[in-house]
Amino acid sequence: GHQNSIGDSVFLHDNVHIVSGSSDGTIRKWDCDTGLLVGEPWKGRGRSIRTLALSPDGRTIACGREDGSVQRWNTDGEMIEGVWTGHSGNVRSLSWS
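Residues numbered from 1 in each chain as written. Predicted model: local features only at pLDDT ≥ 70, side-chain atom pairs only at ≥ 80, totals over all residues. Heavy atoms only, no water.

**A closer look at the environment of Ser93**
Stage number 1. Here Ser93 is to be found in the segment after β8 (79–84).
Stage number 2. The exposure class assigned to Ser93 is exposed, which follows from its relative accessible area of 59%.
Stage number 3. For the pair Ser93 and Asp8, spaced 85 residues apart in the sequence, the C-alpha separation amounts to 9.8 Å. (Helix = DSSP H or I, 4+ residues; strand = E, 2+ residues; numbered from the N terminus. Buried < 20%, exposed > 50% of the residue type's maximum accessible area, 1.4 Å probe, protein only.)

What follows is the structure in structure tokens.
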């Protein structure tokens, strides 16, 4: 699993998987039925992950990091190009509209 504490998690719309973000800087995908990890850790740029938010269509996960950045991922663990920056501190909450 993670090497440090989990900051947040989201259930995916497939009703089979959970995605968790950790202060170790990684995101992990889990199988709800077996409790086992799915694939390798998702590693982006930046420090600890503080929050996650699943888009309304269930296809994109946003993660807020301790360094003030926000990254977007698809549910297969591929980072979407473009890191959003500009916050001077932790991003502790995210929401889609």
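**Focus: the sheet that holds strand β4 (residues 37–43)**
Stage number 1. As summarised here, the arrangement of the four strands in space is β1-β2-β3-β4, forming an open sheet in which the pairing is antiparallel. Among the strands making up the open sheet, the edge pair consists of β1 (6–11) and β4. Geometrically, the sheet is characterised by an average inter-axis angle of 20° between neighbouring strands, direction not taken into account.
Stage number 2. Sheet analysis places strand β3 (residues 26–31) next to β4, joined by four bridges and oriented antiparallel. What sits directly across from Trp30, in β4, is Leu37. (Pairing = 2+ DSSP bridges. Axes fitted to C-alpha atoms, helices over the stretch in contact; angles between N-to-C directions.)

**Things to note about the sheet that holds strand β5 (residues 49–54)**
Stage number 1. The strand order across the open sheet built from four strands is β5-β6-β7-β8, with neighbouring strands paired in antiparallel fashion. Edge positions in the sheet fall to β5 and β8, since each has one partner strand and no second. Each adjacent strand pair in this sheet contributes to an overall mean axis angle of 20°, direction not counted.
Stage number 2. Examined bridge by bridge, strand β6 (residues 60–65) and strand β7 (residues 70–74) share five bridges and lie antiparallel to one another. Looking across to β7, one finds that Thr60 is bridged to Asn74.

**Here we look at the nonpolar core**
Stage number 1. Formed by Val10, Leu12, Val19, Ile27, Trp42, Ile49, Leu52, Leu54, Ile61, Cys63 and Trp73, the largest nonpolar core amounts to eleven residues.
Stage number 2. Broken down by secondary-structure element, the contributors of at least two residues to this core are β5 and β6.
Stage number 3. Filtering out sequence-adjacent residues up to four positions away, Leu54 remains in contact with Val10, Phe11, Leu12, His13, Thr60, Ile61 and Trp96. (Core = buried A, V, L, I, M, F, W, Y, C linked by side-chain atoms within 4.5 Å. Contact = heavy atoms within 4.5 Å.)

**Structural notes on the pairing of β1**
Stage number 1. Here β1 runs beside strand β2 (residues 17–22); their pairing, made up of five bridges, is antiparallel. Along β2, the bridge assignment pairs Val10 with Val19.
Stage number 2. The loop that links β1 with its antiparallel partner β2 comprises five residues; one of these, Asn15, has a positive phi angle of about 60°.

By themselves, these figures tell us nothing about what the structure is for.
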